[in-house]
Structure formats: structure tokens, C-alpha cells
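Residues per chain are reported as follows:
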Amino acid sequence: MKINYDFHIHTALSPCALDEMTPNNVVNMSIISELDAIAVADHNSCGNAKAVMTVAESTDLIVIPGMEVESREEIHVVCLFSDLDKAESMQEFVYSNLPMLKNKPKVLGHQRLMDEEDEIVGEEESLLSFATSITFEDVVSKAWELGGIAVPAHIDRPSYSVISNLGILPPDELLKCLEISQYAEYEEFDKRYSEYLMLQSSDSHELGFIGICRQTLDIPLAVDEKLSAKAIIDYLRNYRMRND
Ligand SMILES: [Zn+2]
Ligand SMILES: [Zn+2]
């Protein structure tokens, strides 16, 4: 099944995202943008994934719970999971490796936890947009162990990317997919890193960017099987095996 996707969307939980990134706004804008599947990827947390998933339950939109983990080397890695339990296990691991810094909402922005009615149910106090003490390699292997997939984020960018910060893409059999930002030339990167599945997502921090990359994937489904987060994650995890 050919799907339109955007696997890197921030909500109001990310201090750098606009307050308009509420669960209902994100889901509605994704539907308006004709997306079939999105991933919630807030900095170092999946705290709003449940609300976004609940809003989408009555629609055809698939919501993948995830987070954008920042490694010890200040590399951003989008970690995607087939279900909320797995994402929450990753969050537990990430939270135990966050620095003991408190967010300063007035300076850095709010970190709002919301419910499916877009009500603010809390504010995350630990500063989320900061490097954890987890190495890049361990982010990748932990996401894999939990049944998810780690995708090095915006590898075309001059900062917070695996290539800018390590100088190379370290060989790792658990790396199947790479992500480029909305500003990159898809064909160029797809050709340069042809052994990987190249994803391009919006990294939206505001509503207007959701779905802007207009990229598609072809997800294999069995007869009578419906599109699901699990089917997408299975496809991403098995990508290179399929090509070997
Ligand atoms: Zn990032
Ligand atoms: Zn991001």
C-alpha cells in the first residue's frame, strides 16, 4: 500500500514547538495534508504521543509513537515504535539519562503535556531539548531491542546530525533508514546513501509544515491486513534484509 508519510512531527511538549501543536491540530492538519501515517517525535519524550494516537483513533490516520532522542554526541535520532508501551520503555531509559536541568519556560518555551481534548494536563519540568548521556550507538541498539527503529535525523544539516557530529555514518547493522530534512534534495541523498532507506520528513514545529515533503512509502500488507504502525515499523526494520 502506497502511503504518504511524515515521521518527524513535534508537539507543544517540545520547548521549541509552537503552542498550536496540540494533539487535535496535529491530527487535523495531517489529514488536511492527505497523510496516511505520521510519527510524533518530541525531544527526548513521547509524553504527548498517547493523546495524538487517541485523537486519531476515529480517523484513518496512523500515528506512530516516537521521540527524537539527543545522544551524548548531540546527534538527533528519531526513534519509532509500533506501540505506546515500547515507546514508553524507551522514554524511561531516556529520562534516566537526562541531565538534571530544569526547563525555563519563559526563556526556552513551554513543555506542555496535553490530553486528547487539547487540555494542558501538565508541564514537563526537566529540560527535554538537551543531550542525554546515551551514546549514539546505544540509542540505536536500545530502540532496536525494544522492537523499534532508530533513524538518524536530518543528516543533511550542519548541526545535531550524525554526519556533522561524527564526520561519518558509522557502520551498524541496526541502521536501516536515514532521514533528511525538508530542505534537502531527496534524489541526491537517496543516491549517495543508496543502501539505506531514505526518509524525508518535515521536522514540523509549527502546523504549516506538516506533510510538506510529500514523500511516499510502499508498505507491503497481507490480504485483508490494514495499515498499522506495526506494519510500518516491520517494513522499516526489515528494509536492508529485503535488499540483501
Ligand atoms: Zn532535530
Ligand atoms: Zn525534530
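Residues numbered from 1 in each chain as written. Chains lettered and ligands numbered in written order. Predicted model: local features only at pLDDT ≥ 70, side-chain atom pairs only at ≥ 80, totals over all residues. Heavy atoms only, no water.

(A) Representation of the pattern of salt bridges within the structure. All chains considered together, the criterion is met by seven salt bridges. Glu125 is the partner of Lys102 in a salt bridge, and the nearest nitrogen-oxygen pair spans 3.6 Å. Residue Lys102 is located in the loop between helix 3 (84-95) and helix 4 (105-108), and its partner Glu125 is located in the loop between strand 6 (120-123) and helix 5 (136-145); the two are separated by 23 residues in the primary sequence. With a relative accessible area of 60%, Lys102 lands in the exposed category. Its salt-bridge partner being Arg192, residue Glu188 comes within 2.6 Å of it at the nearest N-O pair. Of this pair, Glu188 and Arg192 both sit in helix 7 (residues 186-192), four residues apart, which is roughly one turn of the helix. Arg192 gets classed as partly exposed once you look at its relative accessible area, which sits at 48%. (Salt bridge = Lys/Arg side-chain N within 4 Å of Asp/Glu carboxyl O. Helix = DSSP H or I, 4+ residues; strand = E, 2+ residues; numbered from the N terminus. Buried < 20%, exposed > 50% of the residue type's maximum accessible area, 1.4 Å probe, protein only.)

(B) View of the packing of aromatic side chains. Overall, the coordinates contain three aromatic pairs when judged by the stated rule. With 6.5 Å between their ring centres and 10° between their planes, Phe189 and Tyr193 make a pair best called stacked. In this structure Phe189 comes out as buried when scored by relative accessible area, which is 10%. The residue whose ring lies beneath Lys142 is Phe93, and the NZ or CZ to ring-centre distance is 4.8 Å. Geometry around Phe189 places Arg192 over its ring, the cationic atom sitting 4.8 Å from the centre. (Phe/Tyr/Trp six-rings, centres within 6.5 Å; stacked < 30°, edge-to-face > 60°. Lys NZ or Arg CZ within 6 Å of the ring centre and 35° of its normal.)

(C) Quick look at the coordination of the zinc ion (ligand 2). Looking at the zinc ion (ligand 2), one finds its protein donor set to be His8 (NE2), His10 (NE2), Glu68 (OE) and Asp203 (OD), positioned 2.0 to 2.2 Å from the metal centre. Coordination geometry of the zinc ion (ligand 2): the four donor atoms subtend angles of 79 to 173° at the metal centre, consistent with an arrangement described as irregular. Read from N- to C-terminus, the donor residues coordinating the zinc ion (ligand 2) fall into the pattern H-x1-H-x57-E-x134-D. In this structure, the zinc ion (ligand 2) lies 3.5 Å away from the zinc ion (ligand 1), the two metals sharing Glu68 as a donor. With His8 in strand 1 (residues 2-9) and Glu68 in strand 3 (residues 62-70), this residue pair connects regions lying 60 residues apart in the sequence. (Donors = N, O, S within 2.8 Å, 3.2 Å for Na, K, Ca; no water. Tetrahedral: all angles 85-135°; square planar, octahedral: opposite > 155°, others 65-115°.)

(D) Quick look at the pairing of strand 8 (residues 177-180). Residues Cys177 and Glu179 line one face of strand 8 and the alternating positions Leu178 and Ile180 line the opposite face, and both faces are buried. The pairing of strand 8 with strand 9 (residues 197-200) spans four bridges and is parallel. From the neighbouring strand, Ile180 faces strand 9, where its bridge partner is Gln200. Handedness of the crossover is the feature at issue here: the chain leaves strand 8, passes through helix 7, returns alongside strand 9, and the resulting connection is right-handed. (Pairing = 2+ DSSP bridges. Right-handed = clockwise from strand over helix to strand, strands pointing away.)

(E) Region of the structure containing the coordination of the zinc ion (ligand 1). Looking at the metal site, the zinc ion (ligand 1) is ligated by Glu68 (OE), His76 (ND1) and His154 (NE2), spaced 2.1 Å from it. Mapped onto the sequence, the residues coordinating the zinc ion (ligand 1) show the spacing E-x7-H-x77-H.

(F) Layout of the environment of Ala87. Tracing the backbone through its elements, the reader meets Ala87 in helix 3. Dropping the residues within four chain positions of it, Ala87 is found in contact with Cys46, Pro65, Met67 and Phe81. (Contact = heavy atoms within 4.5 Å.)

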